[in-house]
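A structural walkthrough
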Amino acid sequence: MKKPLLTFAAVITTTAIATSAYLATLENPTDIQRDLSTTSNAIAIAGTTAIFGLLDDEDEDENDSSAG
């Protein structure tokens, strides 16, 4: 179950990072584009945190299964 969640988190995080990068290149962004950029940054940070959390959990599961 963790691998599909990891894939889902990676896709969403990558999309948020790409959106944020595109919006950062705009010369005169509108207020809505600035808000979208802020939201994309928050999603990218949360997604990165989730990815590292899922990776840590996956490592613990592998260690638990080899011990028992």
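Okay, so let's go over this structure.

The next subject is the overall build of the protein. Across its full length, the protein holds two helices and zero strands. The burial tally for the protein puts 19% of its 68 residues in the buried class. In the protein, of all internal contacts separated by at least 6 residues, the share reaching a separation of at least 24 is 70%. Total accessible area on the protein is roughly 5,000 Å²; 63% of this is exposed by carbon and sulfur atoms.

Another point: the side chain of Ser37. Within the secondary structure, Ser37 is located in helix H2 (residues 31-67). On the accessibility criterion, Ser37 (18% relative accessible area) is buried. Discounting residues that sit within four places of it in the chain, Ser37 has contacts with Ser20 and Leu23.

Right, let's get into a nonpolar patch on the surface. The grouping of Phe8, Ile12 and Ile43 at the surface amounts to a nonpolar patch, some 270 Å² of accessible area in total. For Phe8, a relative accessible area of 55% translates into the label exposed.

Below, the discussion takes up helix H1 (residues 2-24). The end-to-end C-alpha distance of H1 is 32 Å, a good match for the 33 Å that 23 residues give at a rise of 1.5 Å each. Of the residues making up H1, those classed as buried are Leu6, Ala9, Thr13, Ala16, Ser20 and Leu23.

Once that is clear, we can look at the environment of Gln33. As for its position among the elements, Gln33 is in helix H2. Put simply, Gln33 and Leu23 are 10 residues apart on the chain and 6.9 Å apart in space, counted from C-alpha to C-alpha. If sequence neighbours within four positions are ignored, Gln33 has contacts with Leu23, Leu26 and Asn28.

Reading the values: the criteria
Counting of residues starts from 1 at the beginning of each chain's written sequence and follows it residue by residue. Totals for whole chains, interfaces and linings use all residues, but because this is a predicted model, local features are given only for residues with pLDDT of at least 70 and pairs of side-chain atoms are given and counted only at 80 or more. The side-chain quantities take in all heavy atoms of the structure and omit both hydrogens and water. The way it works is that DSSP assigns letters per residue, a run of H or I at least four long becomes a helix, a run of E at least two long becomes a strand, and they are numbered from the N terminus. We call a residue buried when its accessible area falls under 20% of the maximum for its residue type, exposed when it is over 50%, and partly exposed in between, using a 1.4 Å probe and counting protein chains only. Any two residues whose heavy atoms approach within 4.5 Å at even a single point are treated as in contact. Only the protein chains shown count as cover for residues, with accessible areas throughout obtained via the Shrake-Rupley method and a probe of 1.4 Å. Nonpolar side chains (Val, Leu, Ile, Met, Phe, Trp, Tyr) are joined into patches within 5 Å and like charges within 9 Å, using only residues with over 30% relative accessible area and no salt bridge. One side-chain nitrogen of Lys or Arg within 4 Å of one carboxyl oxygen of Asp or Glu is enough to make a salt bridge. One fewer than the residue count of a helix, multiplied by 1.5 Å, yields its expected span.

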